[in-house]
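One letter stands for each residue in the lines below.
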Amino acid sequence: VQLQASGGGLVQVGGSLKLSCQVRGLISSAFVSSQMGWYRQRPGRQRELVAGLTSGGNSNYRNSVKGRFTISKNSAEKTLYLQMSSLESEDTARYYCNLELGSLNYWGQGTLVTVSS
């Protein structure tokens, strides 16, 4: 199973970006049954959960991104998304997508988001 994250880049404070995470090597029924999430690692800090999405479609967000970020998925395309708006300099980080299926846990390679003031 491979997770390919994309969509990062350089954006100004207040701007928007949409991250994508394409999942390959997983059958559709397994993708639908997976728990998925976006994590980030800011400079000098540990990796942290940004947003999670259960197989049932329930989402959760860290407090600092609530109301600004939206996690979603397209099961037909086996792709996870993170729509980020009103970006702040503190959102600068490498963003990683994650997929959990039972005891299996997969990570993407990360995509860098830089928010400039």
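Structural data are supplied above this passage.
Residues numbered from 1 in each chain as written. Predicted model: local features only at pLDDT ≥ 70, side-chain atom pairs only at ≥ 80, totals over all residues. Heavy atoms only, no water.

## A closer look at the overall build of the protein chain
Link 1 in the chain: For the protein chain, the helix and strand inventory stands at one helix and eleven strands.
Link 2 in the chain: Along the protein chain, from the amino end to the carboxyl end, the secondary structure elements read β-β-β-α-β-β-β-β-β-β-β-β.
Link 3 in the chain: For 117 residues, the compact-globule estimate of 2.2 N^0.38 gives 13 Å, and the C-alpha radius of gyration of the protein chain, at 14 Å, lies within 12% of that figure.
Link 4 in the chain: Along the longest, intermediate and shortest principal axes, the C-alpha atoms of the protein chain span 45 × 25 × 25 Å.
Link 5 in the chain: Here the protein chain, with 117 residues, has 40% of them falling under the buried criterion.
Link 6 in the chain: A total accessible area of about 5900 Å² is found for the protein chain, and carbon and sulfur atoms account for 45% of it.
Link 7 in the chain: Of note, the protein chain has its 12 positive side-chain charges centred 4 Å away from the centre of its 6 negative side-chain charges. (Helix = DSSP H or I, 4+ residues; strand = E, 2+ residues; numbered from the N terminus. Rg over C-alpha atoms; globule rule 2.2 N^0.38 Å. Buried < 20%, exposed > 50% of the residue type's maximum accessible area, 1.4 Å probe, protein only. Areas by Shrake-Rupley, 256 points an atom, 1.4 Å probe, with all protein chains shown as cover. Lys, Arg positive; Asp, Glu negative; His and termini not counted. Charge placed at Lys NZ, Arg CZ, Asp CG, Glu CD.)

## Brief notes about unusual backbone geometry
Most peptide bonds take the trans form, and the phi angle of most residues other than glycine is negative.
Link 1 in the chain: One non-glycine residue, K78, adopts positive backbone phi at about 50 degrees.
Link 2 in the chain: The residue K78 is located in the loop between β7 (69–74) and β8 (79–84) in this model.
Link 3 in the chain: In this model, S86 sits at a positive phi of 45 degrees, which is unusual for a non-glycine residue.
Link 4 in the chain: Along the chain, the position of S86 falls in the loop between β8 and β9 (93–101).
Link 5 in the chain: Judged by its relative accessible area of 41%, S86 falls in the partly exposed class.

## Comments concerning the packing of aromatic side chains
Link 1 in the chain: One pass over the structure, following the stated rule, counts one aromatic pair.
Link 2 in the chain: Look at Y39 and W107: their rings are 4.9 Å apart centre to centre, the planes differ by 65 degrees, and that puts the pair in the edge-to-face class. With a gap of 68 residues between them, Y39 in strand β4 (residues 35–41) and W107 in strand β10 (residues 104–107) connect regions that are remote in the sequence.
Link 3 in the chain: Sitting above the plane of the Y96 ring, R47 keeps its charged end 3.8 Å from the centroid. (Phe/Tyr/Trp six-rings, centres within 6.5 Å; stacked < 30°, edge-to-face > 60°. Lys NZ or Arg CZ within 6 Å of the ring centre and 35° of its normal.)

## Section: the sheet that holds β7
Link 1 in the chain: Strand order across the open sheet formed by four strands is β1-β3-β8-β7, with antiparallel pairing between neighbours. Looking at which strands have only one partner, the edges of the open sheet turn out to be β1 (2–6) and β7. With direction set aside, neighbouring strand axes in the sheet form an average angle of 15 degrees.
Link 2 in the chain: By the bridge criterion, six bridges tie β7 to β8 in an arrangement that is antiparallel. Within β8, the residue paired with K73 across the bridge is L80. (Pairing = 2+ DSSP bridges. Axes fitted to C-alpha atoms, helices over the stretch in contact; angles between N-to-C directions.)

## Topic: the side chain of R40
Link 1 in the chain: The residue R40 is located in strand β4 in this model.
Link 2 in the chain: In this structure the side chain of R40 is engaged in a polar contact, spanning 3.0 Å, whose partner is the side chain of D91.
Link 3 in the chain: A polar contact is formed between the side chain of R40 and the side chain of Y95, at a distance of 3.0 Å. (Polar contact = N/O pair within 3.5 Å; in protein donor to acceptor, adjacent residues only side chain to side chain.)

Geometric descriptors of this kind do not, in isolation, establish any biological role.
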